[in-house]
Amino acid sequence: MGKNFLLEIGTEEMPAHFIDPAIGQMYDFSLEYFKNKKISLESVKIWATPRRLVVYIENLGEKQEAQEEEIRGPAAHIGYKDGMWTEVAKRFVEQYGASLEDLHIEETPKGKYIFLRKVKEGMNTLEILPDYITSLLKSIRFPKMMKWGDVDFYFGRPIRWIVALYGDTEIEVEIAGIKSSRYSRPPRFLPQIPIEIRDADSYLNVMRENYIIVDQEERKNEILKQINKIANENSFILDYEDDLLKEVNYLVEYPTALLGEFDKKYLALPEVVLIITMEKKQRYFPLRDADGNLTNKFIVIRNGTDNYKDIVIQGNEKVLKARLSDAEYYYHEDTKHPLEKYTEKLSGIIFQEQLGTIKDKVERVRILVREIANILGLSSEENKILERSVNLYKADLGTLMVSEYPELHGIMGRIYAEISGEKDPIPEVIGEYIYPRTLDDRLPSNFLASILGIADRIDSLTGYFALDLFPTGSEDPIGLRRISGGLLRLLLESSLKLNLRNLFVKSFEIYNFGEKYPLSQIDKGMGFIGQRLRNLLLDRYSIDIVDAVMEVGYDEMWRLKRRLDFISKFKEKESYEKLKKALNRLYRILPKDFTPKEVSENLLSSPFEKKLYEDYLKIKNEIFNDILEGNYEVLLSYDFLNEFSDDIEKFFDNVLVMSPNEDERINRLSLLSLIKLLFWEILDWSRLS
C-alpha cells in the first residue's frame, strides 16, 4: 500500500521559458530514480507556476522491494568436502550473518563455487525521500543558473521555501539553507500568511482555496475559457501565436482575463508592429473583427482576481499607449528616408566582436550569394535582384523601429523597401530571407529569398564554427541550433542543388582567416550539423532509414532528401526484402579494406558469376546515370531488381568467392565490390532493419 507524495519548491519568479524544460527534467528524473530504487508508484505529475515547481507522485510505495542477491564464496573443493560444509564455508556465512542452509554450489566458467543466496530487505521510502529531493534539485539545469546569498547551491532562481510530505508525514530536508516544512506561501496579491498543507492528498484543493492553480493544464484551460468568453461576447476573433498562451500561462498563478483598448489612430501603423507590441512586449492577446481586421481592443491576463479591475485595465492601457506612441514615432522617423540610407549605419553595428561588423557580414554574404548563383546558373535578372537584395537586406538594423524591436528585422525591411519604391520582388526577398525562424516556421515563397537565407546562415555558422562557439549541453547563447535548423530546412525543402560542405569551405575562404583558425573546424561544424540533421529527420523517418541514408553522406541535402523519399517508398514494394537480403549477403563477405580492380571476363569461369557480371553491366548501363544524377526513384519501377536479387543468391550458392586461386578470388571480390559501390551510392543497405 502506498501514499501520495508532494514536493513543492517555492522560488522567486522564474522566466516562463525556464519552466517547460524543468518540468521535463523533473519527470524523467523522478521515474528513473524510483525505478532504480525499486519503489512502486502509480503516476508522476509535475506542475509549475512562476513561483513553484511541484512533484506529485500518486500511490508511492512505502518501502523498497526486497532484493535477492547472490554472493560468490570460496571454491567448492575448499568449502565442501565429503558431503559436508567445511570451516571455510562456515566462516563465509557467518561473515554475512547467514546460515549454511542458504548456501548452494554453482558451475561457473572458472569451475564450481559456493554461493550465498541472501535476501536484502528494502529500505523504507521515508528514509529514501530526502536523498531523492536533494538529488532532484541538484539535477535540474536551467538556461541560466544562479547562486544567491552565501549558500553554495545553484538553481534557476533563489529557493524560498520547500514543502515535502509523504501522506501527512513531513520529510525533513535542507537545501540551499532552506528547511522543508508543511507550509507553502500564498500568491503575491494576497497577505503573506503561510498556507498549511495538512497532507499531500489535500494539496490541490488547499491551493485553489488560496487562489493558486498549480496544474498548468488546468490554468491554461481557465485562460482559454476566459479569453474565448470575452471574444465571443464582443463578436471578436482571437488571433495569437501558441507561444503567447504558453508564456502567459507561466506568468500567472491565478488568471483573470480583462478587456482593454487603445486609441484607433494607432491602427494606421503596420499591423505587425501592433501585434509585436501587444504580444511580445506586453503579453496581450490581440483581437480581430468579423472581417479579420485588427481592432483597437486587446485582452490582458491579470495575475489575481477581478478586484479593482478598472484600475488594472487603465494601467495596462496607459502602458500600451506609451509603447504605441514610441512605435509611431519610430515609424514616422524611419520613413523620412529611403531604406538604402540606413545601410550607412551598418559599419557601426557589431555582428560579432571577432567577426567584424554587419557591413563586413553583408560583403561576405554578397560574395557567397554570387558563388551560389553561379552554381545554380541563375539568369542575369535574378542576379540583379539578388545583388540589390544583398545591398538592403540588413539595412533595417539601422532603423529606430528594429533597434527597439529586433524581432521585426526583415519584416520591417520589407515594409520600408516597399515604401521606398524598391521593385518587386526585392521587398519580398528582404522580408522572407529570415524564414524559417524555427523548425516549425514557414519557408520563403521566393527561391531567391531562400538563396539569401542560406548564404546568411552559412556565413554566421562558419564564423561561429571557426571561433569554436559550439553549444554545450542546454547552453546555446548564440543560437547555433536555431540557425543550423533553419539552414537544414532551407536545403532539404528547397531542393537547391548545393553542396553544404563546399559552401562552408568557400565561406571560410571568404573570411580569410589565414592561419588564425584551422579549416578542420569545418569538419567539427559538419559533425554538429549532422547531429542536428539526424534529430530533425527522426521526426519524419524511421531510425534505420535515417542512419542508412546519412551514412553515405549529407553534404548534398537535395540528394539526401531524394534518398529518404526513395527508400521510404521502396520499403513498401515486394522487391525490397529480396534486394536488401541479397545486398547484405554481398556486404558481409567483402573485406572492409578491399580495393576492387577491373573485372576480367576471362577469369569468370562459372555461369553464375558470368550472369551476375552481365546483371551489373545492365544496371550500370540502364540506370546508373540516373542514380548519379539523384533520380533514385527510377528503381521503383525497375522490375529487373527481382531477377538481379535472385542472381546474387545463386552466385553465392554456387560460386566459391574465396577461391584458392588468388586472381580468381580478387576478380570475384572486385565484381561484388563494384555492385556494392553502385548500390551504396544510394544508401548503406546494411543499416536497414
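How each quantity is defined
Residues numbered from 1 in each chain as written. Predicted model: local features only at pLDDT ≥ 70, side-chain atom pairs only at ≥ 80, totals over all residues. Heavy atoms only, no water. Pairing = 2+ DSSP bridges. Helix = DSSP H or I, 4+ residues; strand = E, 2+ residues; numbered from the N terminus. Contact = heavy atoms within 4.5 Å. Axes fitted to C-alpha atoms, helices over the stretch in contact; angles between N-to-C directions. Domains from an automatic or database assignment. Left-handed = near helix turned anticlockwise from the far one by under 90°. Core = buried A, V, L, I, M, F, W, Y, C linked by side-chain atoms within 4.5 Å. Buried < 20%, exposed > 50% of the residue type's maximum accessible area, 1.4 Å probe, protein only. UniProt positions renumbered as here; feature names shortened; annotations may be inferred. Nonpolar A, V, L, I, M, F, W, Y, C, P; charged D, E, K, R; others polar. Arc of directions from axis to C-beta. Expected span 1.5 Å × (residues − 1). Salt bridge = Lys/Arg side-chain N within 4 Å of Asp/Glu carboxyl O.

Q: Residue-level account of the sheet that holds strand E17 (residues 285-288), with values.
A: With respect to topology, four strands assemble into an open sheet ordered E15-E17-E18-E16, the strand pairing being antiparallel. Of all strands in the sheet, those with a lone pairing partner are strand E15 (237-238) and strand E16 (255-261), marking the two edges. Bridging between E17 and strand E18 (residues 294-303) involves three bridges; their strand directions are antiparallel. Counted as the bridge partner of Pro286 is Phe298 from E18. In this fold helix H6 (residues 216-233) packs onto E15, E16, E17 and E18, with an angle of close to 30° to the strand it touches most, E16. Of the strands in this sheet, E17 and E18 are in contact with helix H8 (residues 271-281), which crosses E18 at around 10°.

Q: Talk me through the domain arrangement of the protein chain; I want residue IDs and the actual numbers.
A: Domain annotation for the protein chain reports domain 1 (3-62 + 125-210), domain 2 (67-120), domain 3 (216-335), domain 4 (340-517) and domain 5 (560-687). Placing a centre on the C-alpha atoms of domain 1 and another on those of domain 2 gives a separation of 46 Å.

Q: Quick rundown of the packing of helix H1 (residues 16-36) against helix H4 (residues 125-139)? Include the residues and the values.
A: For the pair H1 and H4, the least separation of the axes is 10 Å and the interaxial angle reads 145°. Seen along the crossing, H1 lies across H4 with a hand that is right-handed. Between H1 and H4, the residues in contact are Gln25, Met26, Phe29, Ser30, Tyr33 and Phe34 and Ile128, Leu129, Asp131, Tyr132, Ser135, Leu136 and Ser139, respectively.

Q: If you had to explain the environment of Asp593 to someone new, which residues and values would you point to?
A: If you trace the backbone, Asp593 turns up in the loop between helix H21 (575-589) and helix H22 (607-622). The spacing of Asp593 and Arg457 is 136 residues in sequence and 38 Å in space, taken between C-alpha atoms.

Q: Could you give an account of the nonpolar core, naming the residues involved and the relevant values?
A: Counting 142 residues, the largest nonpolar core has Met401, Ile454, Phe504, Ile567, Phe679 and Trp685 as the members making the most contacts within it. When residues in this core are grouped by element, the largest group, 11 residues, is from helix H15 (residues 447-466). Look past the residues within four positions of Ile454 in its chain and what remains in contact with it is Ile372, Leu487, Leu490, Leu491, Leu496, Leu498 and Leu503. If you look at the next biggest cluster of nonpolar residues, it comprises 42 residues, including Ile46, Leu137, Val151 and Ile178.

Q: Would you mind going over the pairing of strand E3 (residues 52-61) in detail, with residue names and values included?
A: Most of E3 sits inside the fold, with eight of its 10 residues counted as buried. Judged from the eight bridges that link them, strand E1 (residues 2-11) and E3 form a sheet pairing that is antiparallel. Looking at E3, one finds that Leu7 is bridged to Val55. The hairpin formed by strand E2 (residues 43-49) and E3 contains two residues between the paired strands.

Q: Requested: an account of the UniProt feature "domain: DALR anticodon binding" (unreviewed entry) in the protein chain, with residues and values cited.
A: As recorded in UniProt, the feature "domain: DALR anticodon binding" (unreviewed entry) lies at residues 588-679. Secondary structure across residues 588-679 divides into 61% helix and 0% strand, with the first and last C-alpha atoms of the span separated by 14 Å.

Q: An account of the packing of H15 against helix H16 (residues 480-494) is requested, with residue identities and associated values reported.
A: Close contact between H15 and H16 brings their axes to 9 Å; oriented N to C, the two are set at 145°. H16 is crossed by H15, and the crossing has left-handed handedness. Contact with H15, carried on its side by Ser450, Gly453, Ile454, Arg457, Ile458, Leu461, Tyr464 and Phe465, involves Leu480, Ile483, Ser484, Gly486, Leu487, Leu490 and Leu491 of H16 and no other residues of that element. Considering only residue class, the contact of H15 with H16 consists of 10 nonpolar, four polar and one charged.

Q: Outline the pairing of strand E8 (residues 111-120), listing residues and values.
A: For strand E4 (residues 67-75) and E8, the ladder comprises seven bridges, and the chain directions are antiparallel. Along E8, the bridge assignment pairs Gln67 with Lys120. Across six bridges, strand E7 (residues 103-108) lies against E8 in antiparallel orientation. Bridge pairing links His104 to Phe115 in E8.

Q: Go over helix H7 (residues 242-249), please, and point to the residues and values.
A: Within H7 the residues assigned to the buried category are Leu244, Leu245, Val248 and Asn249. What you see down the axis of H7 is that its buried residues fit within an arc of 130°, all on one side. Exposed residues on H7 whose side chains face more than 90 degrees from its buried face are Asp242 and Asp243. Looking at the packing, one finds that the buried side of H7 touches H6, H8, E17 and E18.

Q: Can you tell me about helix H18 (residues 520-537), naming the residues and giving the values?
A: Relative to the 26 Å expected for 18 residues at 1.5 Å per residue, H18 spans 26 Å between its end C-alpha atoms, a close match to the ideal helical length. Among all positions of H18, only Gln521, Ile522, Gly525, Met526, Phe528, Ile529, Gly530, Arg532, Leu533, Leu536 and Leu537 are buried. Packing partners of the buried residues in H18 comprise H15, H16, helix H17 (500-511), helix H19 (543-550) and helix H20 (557-570).

Q: Can you break down the pattern of salt bridges residue by residue, with the values?
A: For the structure shown, the criterion picks out 57 salt bridges. Glu13 serves as the salt-bridge partner of Arg188, at 2.9 Å between the closest nitrogen and oxygen. On the criterion of sequence distance, the pair formed by Arg188 in the loop between strand E13 (183-184) and strand E14 (195-196) and Glu13 in the loop between E1 and H1 is long-range, its members being 175 residues apart. Residue Arg188 is classed as partly exposed on the basis of its relative accessible area, which comes to 45%. Each of Glu12, Glu13, Arg51, Arg160 and Arg188 takes part in a single network of salt bridges with overlapping partners.

Q: Tell me about the sheet that holds E4, residues and numbers included.
A: Reading across the sheet, the three strands line up as E4-E8-E7 and stay open at both edges, with antiparallel pairing between neighbours. On the outer flanks of this sheet lie E4 and E7, each paired with one strand and no other. Shown here is a sheet whose adjacent strand axes are inclined to one another by a mean of 40°, direction ignored. Of the strands in this sheet, E4, E7 and E8 are in contact with helix H3 (residues 87-95), which crosses E4 at around 150°.

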